[in-house]
Amino acid sequence: MTTAPQVGTFTFRPLDPLKDAALLHSWVTHPKAAFWMMQDARLEDVERAYVDIASDEHHHALLGLGEDGEPAFLMERYDPAHRELVGLYEPEPGDVGMHFLTPATDTPVHGFTRAVITAVVAHLFEDPAARRIVVEPDVRNKAVHALNEAVGFVPAREIEKPEKTALLSFCTRERFERAVAAV
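Residues numbered from 1 in each chain as written. Predicted model: local features only at pLDDT ≥ 70, side-chain atom pairs only at ≥ 80, totals over all residues. Heavy atoms only, no water.

Draft legend 1. Up close: the overall build of the protein chain. The secondary structure content of the protein chain amounts to five helices and eight strands. Tracing the protein chain from N to C terminus, the helices and strands come up as β-β-α-α-β-β-β-α-β-α-β-β-α. Relative to the 2.2 N^0.38 estimate, which gives 16 Å for 183 residues, the radius of gyration of the protein chain is 16 Å and therefore close to what a compact globule would have. Taking the principal axes of the C-alpha coordinates as reference, the protein chain spans close to 40 × 35 × 30 Å. Between the centroid of the 18 positive side chains of the protein chain and the centroid of its 29 negative side chains there is a distance of 5 Å. (Helix = DSSP H or I, 4+ residues; strand = E, 2+ residues; numbered from the N terminus. Rg over C-alpha atoms; globule rule 2.2 N^0.38 Å. Lys, Arg positive; Asp, Glu negative; His and termini not counted. Charge placed at Lys NZ, Arg CZ, Asp CG, Glu CD.)

Draft legend 2. Examining the environment of Asn141 more closely. Within the secondary structure, Asn141 is located in the loop between β6 (132-135) and α4 (142-150). Relative accessible area serves as the criterion here: at 16%, Asn141 is assigned to the buried category. For the pair formed by Asn141 and Ala21, sequence separation is 120 residues and the distance between their alpha carbons is 25 Å. (Buried < 20%, exposed > 50% of the residue type's maximum accessible area, 1.4 Å probe, protein only.)

Draft legend 3. Fine view of the pattern of salt bridges. One pass over the full model with this rule turns up 13 salt bridges. Residue Arg42 is joined to Glu44 by a salt bridge in which the shortest nitrogen-to-oxygen separation is 3.6 Å. Ionic pairing is found between Lys161 and Glu136, a salt bridge with its closest N-O pair at 3.1 Å. Of the two residues, Lys161 sits in the loop between β7 (154-160) and β8 (165-172) while Glu136 sits in the loop between β6 and α4, which places them 25 residues apart along the sequence. Each member of the salt-bridge network shares a partner with another, and the members are Glu84, Glu136, Lys161, Glu163 and Lys164. (Salt bridge = Lys/Arg side-chain N within 4 Å of Asp/Glu carboxyl O.)

Draft legend 4. Representation of the packing of helix α3 (residues 112-125) against α4. Their axes nearest at 10 Å, the elements α3 and α4 cross at an angle of 55 degrees. Taken as axis vectors, α3 and α4 run oblique relative to one another. Taken as a pair, α3 and α4 cross one another with a handedness that is right-handed. In this structure, α3 contributes Thr113, Arg114 and Ile117 to the contact, and α4 contributes Leu147, Asn148 and Ala150. (Axes fitted to C-alpha atoms, helices over the stretch in contact; angles between N-to-C directions. Parallel < 35°, antiparallel > 145°, perpendicular 65-115°, else oblique. Left-handed = near helix turned anticlockwise from the far one by under 90°. Contact = heavy atoms within 4.5 Å.)

Draft legend 5. Seen up close, α3. An ideal rise of 1.5 Å per residue puts 20 Å on 14 residues; α3 measures up with 20 Å between its terminal C-alpha atoms. Here α3 lies mainly inside the structure; 10 of its 14 residues are buried. Taken residue by residue, α3 has Phe112, Ala115, Val116, Ile117, Thr118, Ala119, Val120, Val121, Leu124 and Phe125 as its buried positions. (Expected span 1.5 Å × (residues − 1).)

Following this line, the structure appears as structure tokens:
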């Protein structure tokens, strides 16, 4: 559980790929989610993608829930030694990969996305084995680069993935704690 003054408390639950598919489909196909690269996905495509994640020991999807218990965002946790970044960097013990998605809304709340990324990183660091969070957003996604920097991520270099040119970035527990304390 993570509390952010401007948005309240977030909790997490495992994503149910069948029950949550319609909700996820509405999130990942929205134009705001272009960097999620599922704009043309059918409901069945989203369901299949998250069934695959649910059956993968190295990749997990969670829903972040708002104070009302309703889904507020999506987070994925993966082992970069086995998924996403295999062969693209030298993983270290305790590395954890992360993706997050906040859905589009007609009533944006100032600070919501920053509260979400803070909650996601805090949740990942609740695992004492997690030493460093690894992200690989599209190099064109300037908004997420700013959010990443705000919570302590440091860019390492650009990498070529099959689907995009990504900015490989890292955040240690210490950098995260300093960044959050500075706010």
